Amino acid sequence: MSRIILKSTCPRDCYDGCGMRIVVEDGVISSVLGDPEHPLTKGKLCGKCALAYNGAWRDPTARLLHPLRRSGPKGSGEFERVSWEVALADIAARLHGIIDEHGAQRILYTHYTGTLSMLAFLFPSRFFHRLGATEVDPDTICNKAGQVALQYTLGSATNGFDPATIVDSRCVLVWGANPSATAPHVDANWLRRDGITVICIDPVAHPTAQRARMHLQLRPGSDGALAFGLLHVLHEEGLLDEAFLASSVQGWDELLPAVLRATPARTEALTGIAEGALRAVARTYAAGPSLLWLGQGLQRQPMGGNALRAAVALCAATGNIGRPGAGLLYFNGMGSRGLDAGYVVASHLAFGEGSVPPPISHLDLAAALADPAQSRALITFNNNVAASNPDQRRLREALKREDLFQVTVELFATDTADFADYVLPAASFLEFDDLVSPYFQRVVIAAQRKATEPLGEALPNQEIFRRLAGAMGFAEPELFERDEVMLARLMEGTGTGLSFEELAEKGQVRTIAEPVVAFEKLRFRTPSGRIELASGAAEAAGLPRVPLPHAEDGPAGMLRVLSPASEWNLNSSYANDSRVAHRQGQLTATMHPSAAQAAGVAAGDVARLVNDTGALDVVVLLSKDVLPGVVLVPKGRWLKTTPGGANVNVLNPGHRTDMGDSSAVHGVYAWLVSP
Ligand SMILES: Nc1nc2c(c(=O)[nH]1)N[C@H]1C(S)=C(S)[C@@H](COP(=O)(O)OP(=O)(O)OC[C@H]3O[C@@H](n4cnc5c(=O)[nH]c(N)nc54)[C@H](O)[C@@H]3O)O[C@H]1N2
Ligand SMILES: Nc1nc2c(c(=O)[nH]1)N[C@H]1C(S)=C(S)[C@@H](COP(=O)(O)OP(=O)(O)OC[C@H]3O[C@@H](n4cnc5c(=O)[nH]c(N)nc54)[C@H](O)[C@@H]3O)O[C@H]1N2
Ligand code: SF4
Ligand SMILES: [Mo]
């Protein structure tokens, strides 16, 4: 018997980027484990991956094994097996027919971060650029508002701190992220460090907040007001870095009048945060050096872009940027380690025969799919729109349209796949080589290894789109570039001198050994070259020139539904793993005892959340970790395995954030009633 152990990397949309050991016996994977040599992973995968990578992800009865063609009504999930040749030829013929009759822009495609390994994540874009299809802007479902806000303020959204710089820090402020669920290894093996004061700003007392030295449990949507309250204290107590404000910041003087008005009393009235806690946080953060972790939950509010701009003002006012142990992180891009994403997506292909139509927002997907004048085909890969998108009922109705030709590329028979005319089986990250650049890290590159042959007839995304390009009769060589060639080219850019195979032996490496200081030269890619608290670009886009001390005032009597990440799912991934489903149990809503009492329901009862968009039955959980006006219903359930056939997005009307046409999913309101 042969037994080998390969190092690999988890390519999920997760801050951690865990290192893995894959045990392969006679060519078959026998277990997937955490790598004991990986500095963050330390030998243990998170619970969901430990179960699912040794469960559904390797289970031929759970995975899609063959191309499938619809044999029942749309949405029924009834399919017949066909060959790759038949599937690709028919898909190509249907797409050509649509292009001839309606134009390529009526072909919509959605994709996101089902896998973040570079080729499987990005290469399919080459095909769509050449096709001239309409992209559903991927980041509008997740973090676009924050990206736009950081662009205005810093000139870059992806130039985050290097976590290795924590050796010089005294404080980490986690604002609107929940590392205990979304970054479990960063939480356990990075954040808990001697000499570091952890502060959390979050409406929920999640486990990271409970462990933190200070937790400001503010009302949802009041972050703008809180930031101004903190700035007020800094000003009043003489804690501003005046020299830094003078040399590197534009617009402090324009902010100042609102800062002066944001007294502790006014701030408490808007946010619920008392003066003592406000002062303590302002002093600790200002003393620094401090790292500011801007979570994605923070910007999924109606005024989420404003909230992020206001939070960055704290960093600018105290000079906590551009020096060791200081800085901020939203997420780090691939470019900070020399990985050329632009090369993989090859957008120049769009300027071949056709041109590229403007993208639409995910928030408009349901409407666009309901309208034959806007859409004739939908191709999805790396996402599960039926579960993850807003306006769930309307979206599902639209997906039933007989004249909408749908192709879904997936590992599993998701709720989205059930509506497809063709389902194409994708290979998992255990089944092909690729490169991973974990987004909490700034200079780490890591290898994903092929440990076994793909299950059944599955193929990596990139191979599926190479074959589809061939079936379409496209000829551009970029559409057929081989993985080995692309991996070698990408490795060259990293400046490590390593080949992909050499990286794979090591698992992961830092491209620069020493901790990197982001913005060390204090040059920002804004029009003024400074941090722009006052932004002419924002103003030109019809936004306020400076951030506002905003706090949201919700409708009376309704609960604010927060639906952040669950510990057991990764978005909707893993919901179909039987052991994960067992651990997770029923769909629950966590609320303060006073909310349950007001609705006349008790712990363990089934209650109904209802609003103009939809209704969701949930099992009541009581906890004082949530504020009285808030109800917590984690995202990620599959619809078809949840009683009632819906998840929390059935309540989500799909409102936009103030910037970026992005999702304000933490701004949903509902009534709680006894069904
Ligand atoms: N209510 C609510 N809704 C939300 C959010 C929220 O906070 N609250 N968060 C939003 C956010 S932040 C995001 S990012 C979106 C995410 O939503 P989606 O992008 O829909 O994420 P997943 O549900 O994980 O879907 C990823 C799919 O990719 C598949 N996949 C994995 N690897 C591969 C591969 O190699 N090839 C192919 N073809 N498929 C693969 C998985 O099986 C999975 O079905 O959801 C959003 N929806
Ligand atoms: N286990 C697990 N890990 C994941 C995911 C998952 O689904 N499951 N999803 C992945 C993806 S796609 C993403 S984008 C990241 C997101 O990961 P995070 O950046 O951690 O973001 P969220 O989980 O959306 O929300 C984080 C926190 O925002 C808080 N929040 C909500 N509204 C407000 C507000 O108004 N103000 C403040 N200050 N906080 C608020 C919520 O209470 C929550 O604790 O996680 C990734 N990792
Ligand atoms: S999902 Fe995140 S925590 Fe879990 S194994 Fe993958 S990288 Fe690690
Ligand atoms: Mo996300």
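This is a predicted model, so every value here is computed, not measured. Throughout this description, residue numbers start from 1 for each chain and increase along the sequence as written. As a convention, the first chain written is A and the first ligand written is 1, with the rest following in written order. Confidence filtering applies because this is a predicted model: local features only for residues at pLDDT of at least 70, side-chain atom pairs given and counted only at 80 or more, and all residues used for totals across whole chains, interfaces and linings. The basis for every side-chain value is the complete set of non-hydrogen atoms in the structure, without hydrogens or water.

(A) Examining the pairing of strand 16 (residues 405–410) more closely. Counting buried positions along strand 16 yields 6 of 6 residues, so the element is predominantly enclosed. Residues F405, V407 and V409 point to one face of strand 16 and Q406, T408 and E410 to the other, with burial holding for every one of them. Should DSSP find at least two bridges between two strands, the strands are regarded as paired. Under the scheme used here, helices are H or I runs from DSSP no shorter than 4 residues and strands are E runs no shorter than 2 residues, and both carry numbers assigned from the N terminus. As paired elements, strand 15 (residues 377–381) and strand 16 share 5 bridges and run parallel to each other. Bridged to T380 within strand 16 is T408. Where strand 16 and strand 17 (residues 422–425) come together, 4 bridges link them in parallel fashion. Bridge assignment links V409 to a residue of strand 17, and that residue is L424. Accessible area is worked out with a 1.4 Å probe on protein chains only. A residue is then buried under 20% of its type maximum, exposed over 50%, and partly exposed in between.

(B) A look at the site of ligand 2. The near set for a molecule or strand comprises every residue that places at least one heavy atom within 4 Å of it. Near ligand 2 there are 35 residues, and of these Y15, D202, R300, N569 and N571 occur at the shortest range. Polar contacts here mean pairs of N or O atoms no more than 3.5 Å apart (in protein, one a potential hydrogen donor and the other a potential acceptor; neighbouring residues in sequence count only if both atoms are side-chain atoms). The backbone of G221 places a nitrogen or oxygen atom 2.8 Å from an oxygen atom of ligand 2. Taking A565, its main chain carries an N or O atom lying 3.2 Å from an oxygen atom of ligand 2. In isolation ligand 2 has 910 Å² of accessible area, and contact with the protein removes 99% of it. By the convention adopted, Pro, Cys, Tyr, Trp, Phe, Met, Ile, Leu, Val and Ala count as nonpolar, Lys, Arg, Asp and Glu as charged, and the other residues, Gly among them, as polar. Residue composition of the shell around ligand 2, by class: 15 nonpolar, 13 polar and 7 charged. Note on areas: these come from Shrake-Rupley sampling with a 1.4 Å probe, and a residue is covered only by the protein chains present in the view.

(C) A look at the pairing of strand 23 (residues 588–591). Strand direction decides the pairing type here: strand 23 and strand 25 (residues 615–622), joined by 4 bridges, are parallel. Within the sheet, the bridge partner assigned to A589 lies in strand 25 and is V620. Direction of pairing for strand 23 relative to strand 26 (residues 630–632): antiparallel, over a ladder of 2 bridges. Across the sheet, M591 pairs through a bridge with V631, a residue of strand 26.

(D) Spatial organisation of the pattern of salt bridges. The salt bridge definition used is simple: a Lys or Arg side-chain nitrogen within 4 Å of an Asp or Glu carboxyl oxygen. In total, this model carries 38 salt bridges according to the counting rule given. With its nearest N and O atoms 3.7 Å apart, the salt bridge here joins R21 to E37. Taken as a pair, R21 in strand 2 (residues 19–25) and E37 in the loop between strand 3 (28–34) and helix 1 (47–52) lie far apart in primary sequence, 16 residues in all. Using a relative accessible area of 27% as the deciding quantity, one classes R21 as partly exposed. Taking relative accessible area as the criterion, E37 reaches 56% and is therefore assigned exposed.

(E) Quick look at the site of ligand 3. Every residue close to ligand 3 is listed here: C10, C14, D16, G17, C18, L45, C46, K48, C49, P184, H185 and L570. For the shell around ligand 3, the secondary-structure elements that each account for two or more residues are helix 1 and helix 7 (184–191). Of the residues assigned to the shell around ligand 3, the class counts are 8 nonpolar, 2 polar and 2 charged.

(F) View of the sheet that holds strand 18 (residues 434–436). Reading across from one edge, 18-19-20 is the order of the 3 strands in this open sheet, with antiparallel pairing throughout. The sheet is open, and its two borders are formed by strand 18 and strand 20 (508–510), each paired with just one other strand. Here the average twist between neighbouring strands, direction ignored, is 25°. Here 3 bridges tie strand 19 (residues 444–448) to strand 20, and the two strands are oriented antiparallel to one another. Among the inter-strand pairings, A446 is bridged to a residue of strand 20, identified as Q508. Fitted lines through C-alpha atoms serve as axes, helices being fitted only where they are in contact, and the angles separating the N-to-C directions of these axes extend from 0 to 180 degrees.

(G) How the structure looks around the packing of aromatic side chains. Aromatic rings from Phe, Tyr and Trp, with only the six-membered ring used for Trp, were paired whenever their centres fell within 6.5 Å, and each pair was classed as stacked if the ring planes differed by under 30 degrees, edge-to-face if by over 60, and tilted otherwise. Tallying each qualifying case throughout the model produces 24 aromatic pairs. Judged by centre distance (4.0 Å) and plane angle (5°), the rings of Y109 and F128 are stacked. Of the two residues, Y109 sits in strand 6 (residues 107–111) while F128 sits in helix 4 (residues 124–131), which places them 19 residues apart along the sequence. This pair shows no difference in class: Y109 is buried, exactly as F128 is. Every member of this aromatic cluster is reached through a ring pair, and the members are Y15, F161, W190, W293, Y330, F331, Y439 and F440. The criterion for a charge sitting over a ring is simple: Lys NZ or Arg CZ within 6 Å of the ring centre, and within 35 degrees of the ring normal. The cationic tip of R130 hangs over the ring face of F474; the distance from NZ or CZ to the ring centre is 4.0 Å. The ring of F123 carries the charged tip of R466 above its face, separated from the ring centre by 5.6 Å.

(H) Representation of helix 4. In terms of residue burial, helix 4 counts as a mostly covered element, since 8 of its 8 residues are buried. Directly after helix 4, the chain includes G132, whose backbone phi takes a positive value near 80°.

(I) Spotlight on the packing of helix 12 (residues 264–271) against helix 13 (residues 275–287). Where helix 12 meets helix 13, the closest approach of the two axes is 9 Å, and the angle between their N-to-C directions is 105°. Put simply, helix 12 runs roughly perpendicular to helix 13. For the pair helix 12 and helix 13, contact is made by P264, T267 and E268 and by E275, L278 and R279, respectively. Its residues placed into classes, the contact of helix 12 with helix 13 shows 2 nonpolar, 1 polar and 3 charged. Angle categories: roughly parallel below 35 degrees, roughly antiparallel above 145, roughly perpendicular from 65 to 115, and oblique for all the rest. The contact criterion used throughout is that any non-hydrogen atoms of two residues lie within 4.5 Å.

(J) Molecular detail of the sheet that holds strand 8 (residues 171–175). With respect to topology, 5 strands assemble into an open sheet ordered 10-9-8-12-13, the strand pairing being parallel. On the outer flanks of this sheet lie strand 10 (214–216) and strand 13 (327–329), each paired with one strand and no other. Taking each pair of neighbouring strands and ignoring which way they run, the sheet shows an average axis angle of 15°. As paired elements, strand 12 (residues 290–294) and strand 13 share 3 bridges and run parallel to each other. Bridge pairing in strand 13 links W293 to L329. Against the sheet, helix 14 (residues 304–317) engages strand 8, strand 12 and strand 13, with an angle of about 175° to strand 12.

(K) Up close: helix 13. In this analysis, the expected span of each helix is defined as 1.5 Å times one less than the number of residues it contains. When the terminal C-alpha atoms of helix 13 are compared, their 18 Å separation across 13 residues agrees well with the 18 Å that a helix rising 1.5 Å per residue should span. Along helix 13, the residues that are buried comprise L278, R279, V281, A282, Y285 and A286. Taken end-on, helix 13 shows its buried residues confined to a sector of 165°, consistent with a single buried face. Exposed and oriented more than 90 degrees from the buried face of helix 13 are G276 and A287. Within two residues after helix 13, G288 carries a phi angle of roughly 50°, on the positive side. The arc in question is the one spanned by the directions pointing from the helix axis to the C-beta atoms.

(L) Spatial organisation of the nonpolar core. Put simply, buried Ala, Val, Leu, Ile, Met, Phe, Trp, Tyr and Cys residues joined by side-chain atoms within 4.5 Å make one nonpolar core. Of all hydrophobic cores here, the largest spans 107 residues; its most connected members are W175, W190, W293 and L294. The element best represented in this core is helix 14, accounting for 10 residues.

(M) Here's a closer look at unusual backbone geometry. Residue P289 follows G288 across a cis peptide bond; omega there is -10°. With respect to the helices and strands, P289 occurs in the loop between helix 13 and strand 12. We note that N571 has phi near 50°; this positive angle belongs to a residue other than glycine. With respect to the element layout, N571 can be found in the loop between strand 22 (559–562) and helix 23 (578–584).

(N) Fine view of the packing of helix 9 (residues 223–236) against helix 14. Interhelical geometry of helix 9 versus helix 14 gives an angle of 15° and a closest axis separation of 8 Å. Of the possible angle classes, the one that applies to helix 9 and helix 14 is roughly parallel. Crossing hand, helix 9 versus helix 14: left-handed. Taking contact as the criterion, the partners of D223, G224, A227, F228, L230, L231 and L234 in helix 9 are, on helix 14, N306, A307, A310, A311, A313, L314 and A317. Two helices cross in a left-handed way if the nearer one is turned anticlockwise from the farther one by less than a right angle. They cross in a right-handed way if the turn is clockwise.

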